[in-house]
Amino acid sequence: MSNKMWGGRFATGPSEIMEEINPSIAFDKRLYAQDIAGSRAHCQMLAATGIISDEDAKQILQGLDTILSEIEAETFTFSTALEDIHMNVEARLTELIGPAAGRLHTGRSRNDQVATDFKLYVRDTVDMLIGQIETLQLALARKARDHADTIMPGFTHLQNAQPVTFGHHCLAYVEMFARDAGRFADARKRLNECPLGAAALAGTSFPIDREMTAKALQFDRPTANSMDTVADRDFALEALAAATITGVHLSRLAEEIVLWCSAQFRFVALSDALTTGSSIMPQKRNPDAAELVRGKVGRIHGALTSLVTMLKGLGLTFSKDMQEDKEPTFDALDTLSVCLAAMAAMVDDMTPNKDTMRASAKIGFSTATDLADWLVRSLGMPFRDAHHVTGALVAEAEKAGIDLADLTLEQMQAADGRITEEVFDVLTVEKSVASRRSLGGTAPENVRREAERWLKQLT
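The structure reproduced in this document is the subject of the present report. Fair warning: this is a prediction, and the values are worked out from it, not measured in the lab.

### Structural notes on empty space enclosed by the protein
Within the structure shown, the criterion is met by one cavity of 30 Å³ or more. Lining the largest cavity are Asp35, Ser39, His86, Val89, Glu90, Leu93, Leu104, Arg108 and Gln113. When contributions to the lining of the largest cavity are tallied by element, the ones reaching two or more residues are helix 3 (32-48) and helix 5 (85-97). For the lining of the largest cavity, the element with the most residues is helix 5, which contributes four residues. Its residues placed into classes, the lining of the largest cavity shows three nonpolar, three polar and three charged.

The structure is reproduced here in structure tokens:
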């Protein structure tokens, strides 16, 4: 038999394969709270504008409350035959209150209904993700404050470049994740327009009050064009783009944690709570949480690619292809949430090995730039000349198998006779990081100040 929710157009029911491919209730049932909130707002507006009676509205609202309670109590039976969350709720409402339930769909379509539900869901999830990002930033800022003067190597090309502090390294990620939170916040601003009232694609002839429903659902305003409203999934694209960039940042930090935990680095240690062992090698402590975070960004990026690909060939307005928007979005945002929680736990958990970090910072002539700067500052040497002299001294130290600070004054003066004993004051890693006091630099005083600023901002 035909699905009576479709009306009288169809004489027979769908084929077996249609019943397999068409329903979305298996995944869109998670939109139940948003669907019921949208229906409540629509019902109250219909009553306020006189489109339905107050008595019908009262019955509808009571019925919706009952359905919400049933779903939350897990006593509600979802039906695949009813396709989606909207028709499941409507069918149950009809069972509860009878013909009055049919008045709820006046002046709306499943097209604007699903757009509203999905927007509400993405908005709720974006708010949660921003909170999780800020939790991760707090963990990083606390670690930065506690390790403002813990010296480690800074890398370019994964080669020792200059000494930095572990606190400064942590604050770099605080800044990254701040941009991520900002992208989500920007996406939230653009999505916060209410689709209800666009109906199928052309609006409605009923005297609805779209401002009322927008306000009830805490949107800034109604959408301006009914066709764009039904066709729009930019809000999901933006959320997935922001999620992808956040995932990339998480993956970069995860990669560093994997390296830092290795026997070759030994910069940090993670506890048993966030590592696993090997089935055959009893000595192993694997940073699996970090590796999984690093790996999961592929799923998040894949969801963005999936949605972009699905939308690119669609003209206005709604096509059934758009049913494919939810599963990748749900999965990507769920995945990002788990990754953010795992990374915050790892940052809280990891213990830096200060001695190993400092020893590593001294390797590879990491204070060579400090020597060049001293030549410029103390001898008035053009920087390019200072670079050349420093390079010659690095070659001399490398040939002797010693560090720059271990060269004798005579060896230094062989490169330039004006060099004095004072040069040795800038060749320690401690003096190097302390001298980097420019805005954004790694000096411990900068790190403490920035860490405190972030802690104050985030709490």
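After presenting the structure, the write-up continues.
### With respect to the environment of Leu292
Along the chain, Leu292 turns up in helix 11 (residues 288-311). For Leu292, a relative accessible area of 51% corresponds to the exposed category. The spacing of Leu292 and Ala342 is 50 residues in sequence and 9.4 Å in space, taken between C-alpha atoms.

### Quick word on the side chain of Glu83
Structurally, Glu83 can be placed in the loop between helix 4 (54-72) and helix 5. A relative accessible area of 5% places Glu83 in the buried class. Of note is the side chain of Glu83, whose polar atom sits 3.3 Å from the side chain of Arg110.

### Notes on a nonpolar patch on the surface
A cluster of nonpolar side chains, Ile17, Met18 and Ile21, forms an exposed patch at the surface whose accessible area comes to about 320 Å². Position of Met18 relative to the elements: it lies in helix 1 (residues 16-21). Residue Met18 is classed as partly exposed on the basis of its relative accessible area, which comes to 38%.

### Digging into the packing of aromatic side chains
Within the structure shown, the criterion is met by eight aromatic pairs. With a centroid separation of 6.2 Å and 90° between ring planes, the pair formed by Phe118 and Phe330 is classed as edge-to-face. Remark: Phe330 occurs in helix 12 (residues 326-349) and Phe118 occurs in helix 6 (residues 110-146); sequence separation between them is 212 residues. Aromatic rings pair up to connect Phe118, Tyr121, Phe235 and Phe330 into one cluster.

### Observations regarding helix 18 (residues 444-458)
Taking 1.5 Å per residue as the helical rise, helix 18 with its 15 residues ought to reach 21 Å, and the 21 Å between its terminal C-alpha atoms agrees with that figure. Along helix 18, the residues classified as buried are Pro444, Asn446, Val447, Ala451, Trp454, Leu455 and Leu458. Buried residues of helix 18, seen end-on, are gathered within an arc of 160° and therefore sit on one face of the element. Away from its buried face, by an angle of more than 90 degrees, helix 18 presents the exposed residues Lys456 and Gln457.

### Observations concerning the pattern of salt bridges
Under the definition given, this model contains 25 salt bridges. Its salt-bridge partner being Asp127, residue Arg188 comes within 2.6 Å of it at the nearest N-O pair. Taken as a pair, Arg188 in helix 7 (residues 166-191) and Asp127 in helix 6 lie far apart in primary sequence, 61 residues in all. Of the residues examined, Arg188 reaches a relative accessible area of 25% and is grouped as partly exposed. For Asp373, the salt bridge goes to Arg436, with nearest N and O atoms at 3.4 Å. Of this pair, Asp373 sits in helix 14 (residues 368-379) while Arg436 sits in the loop between helix 17 (429-435) and helix 18, placing them 63 residues apart in sequence. We classify Asp373 as partly exposed; its relative accessible area is 22%.

About the criteria used
Residues numbered from 1 in each chain as written. Predicted model: local features only at pLDDT ≥ 70, side-chain atom pairs only at ≥ 80, totals over all residues. Heavy atoms only, no water. 1 Å grid on protein atoms, 1.4 Å probe; cavity = no way out; pocket = protein on both sides within 12 Å on 5 of 7 lines; lining within 4 Å. Points joined across faces, edges and corners; volume = space filled by probe spheres on them. Helix = DSSP H or I, 4+ residues; strand = E, 2+ residues; numbered from the N terminus. Nonpolar A, V, L, I, M, F, W, Y, C, P; charged D, E, K, R; others polar. Buried < 20%, exposed > 50% of the residue type's maximum accessible area, 1.4 Å probe, protein only. Polar contact = N/O pair within 3.5 Å; in protein donor to acceptor, adjacent residues only side chain to side chain. Patch = residues over 30% accessible without salt bridge, like charges linked within 9 Å, V, L, I, M, F, W, Y side chains within 5 Å. Areas by Shrake-Rupley, 256 points an atom, 1.4 Å probe, with all protein chains shown as cover. Salt bridge = Lys/Arg side-chain N within 4 Å of Asp/Glu carboxyl O. Phe/Tyr/Trp six-rings, centres within 6.5 Å; stacked < 30°, edge-to-face > 60°. Expected span 1.5 Å × (residues − 1). Arc of directions from axis to C-beta.

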